[in-house]
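Single-letter residue listing:
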Amino acid sequence: MRARALVLALAVLATACDTTFDPRVEDAEPFALFGTLDGRAPTQRLRVQDLSSSVFETPDRLAATVTSTEQTTGRTTVWRDSLVTLPSGDRAHLFLADLTVAAGETHRVEAVRTADGARSTVTISVPSPTVSTRPSDSTSTTVQVDVTGLDGARLLDPVVRYGVRRPDDPAGPSFTTAAVLQATEGGAAFTAFLATAEIRAGSILYGTAEGDAVLTDARLEGVVASAVPQPVANGVGGVAWAVPISIPIPFATESVTRVGFIDGR
């Protein structure tokens, strides 16, 4: 008779959010999958455990195949098994894939048991946020920016990155300012302080607030991460995700030039 399996806590992955996980599962589910698809890393890692095996008898190789398919492009990736030793001293199977994950993608991960074809799947849909600006009056030096399409995800460490240069130089540096988000019904919003950004650009380019600064780029950057892991179908556990974003902010030319920038976008 197959016993209930004990799923060990994953200690080798840096997940995007804290997750609690019921360690006792019924016999019916083939696999437990746990981890994070991380768009900041070139290699993805997922913990996979066959729930039909005794937790005290971890084989050198897991008798299973793990694949993932990006649903839009149809690109399929075969994951490779890696036996690791957890800090507790227990052995575990970590499956690795040379795979990048980006906003707007949907990845279906499937674990199939070799002996009987039983499978567990999880589908991770990563949203693709959009950024828009609200019209401002003719005297305002700030712009309200709306972020939509987060679909319940979290935006971590958001900043506005400004690219600037001198008028006589073809290229120049960039700098960031914090974007303080306020939750809205459709996502989030923040205020961009363009006058402050123009003063800082002059200080960087000339060592003083004086001097013309050309704005070459403005974009919202940060990391979009799942609020909770996506649960595994016909299995146990869940897979979280986190991807970096860099989205151009469509500041109106009049908003940019009003504070003293030259619009070079």
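A brief report on the enclosed structure follows. Given the structure is predicted, the values throughout are model-derived calculations rather than measurements.

Section: the nonpolar core
Thought 1: Within the largest apolar cluster, 53 residues are counted, with the highest numbers of intra-cluster contacts made by Tyr-162, Phe-190, Phe-251 and Phe-261.
Thought 2: The contacts of Phe-261, once residues within four sequence positions are left out, are Val-164, Leu-194, Ala-197, Glu-198, Ala-201, Ala-213, Leu-215 and Val-256.

Details of the side chain of Ser-120
Thought 1: Assignment of secondary structure puts Ser-120 in strand S8 (residues 119–125).
Thought 2: There is a polar contact of 3.2 Å between the side chain of Ser-120 and the backbone nitrogen of Phe-31.
Thought 3: Filtering out sequence-adjacent residues up to four positions away, Ser-120 remains in contact with Pro-30, Phe-31, Leu-33, Val-109, Glu-110, Ala-111, Val-232, Ala-233, Asn-234 and Gly-235.

Remarks on the pairing of strand S6 (residues 91–98)
Thought 1: Most of S6 is tucked away, with six of its eight residues classed as buried.
Thought 2: Relative to S6, strand S2 (residues 43–50) is paired through five bridges, and the arrangement is antiparallel. Residue pairing in the sheet places Arg-45 in a bridge with Leu-96 of S6.
Thought 3: Note: strand S5 (residues 80–85) against S6, six bridges, orientation antiparallel. If you follow Asp-81 over to S6, its bridge partner there is Phe-95.
Thought 4: Between S5 and S6, which pair antiparallel one after the other, the connecting turn spans five residues, and Gly-89 there sits at a positive phi close to 95°.

Let's talk about the pairing of strand S3 (residues 64–70)
Thought 1: In S3, alternate side chains face the same way, and those of Ala-64, Val-66, Ser-68 and Glu-70 are buried while those of Thr-65, Thr-67 and Thr-69 on the opposite face are not.
Thought 2: Judged from the seven bridges that link them, S3 and strand S7 (residues 106–113) form a sheet pairing that is antiparallel. Looking at the pairing, Thr-67 lines up with Glu-110 of S7.
Thought 3: Relative to strand S4 (residues 76–78), S3 runs antiparallel, the two sharing three bridges. Within S4, the residue paired with Thr-69 across the bridge is Thr-76.
Thought 4: From the end of S3 to the start of S4, which pair antiparallel, there are five residues, and Gly-74 there has a positive phi angle of about 80°.

Reading the values: the criteria
- Residues numbered from 1 in each chain as written.
- Predicted model: local features only at pLDDT ≥ 70, side-chain atom pairs only at ≥ 80, totals over all residues.
- Heavy atoms only, no water.
- Core = buried A, V, L, I, M, F, W, Y, C linked by side-chain atoms within 4.5 Å.
- Buried < 20%, exposed > 50% of the residue type's maximum accessible area, 1.4 Å probe, protein only.
- Contact = heavy atoms within 4.5 Å.
- Helix = DSSP H or I, 4+ residues; strand = E, 2+ residues; numbered from the N terminus.
- Polar contact = N/O pair within 3.5 Å; in protein donor to acceptor, adjacent residues only side chain to side chain.
- Pairing = 2+ DSSP bridges.

All quantities given are derived from atomic positions and should not be read as evidence of function.
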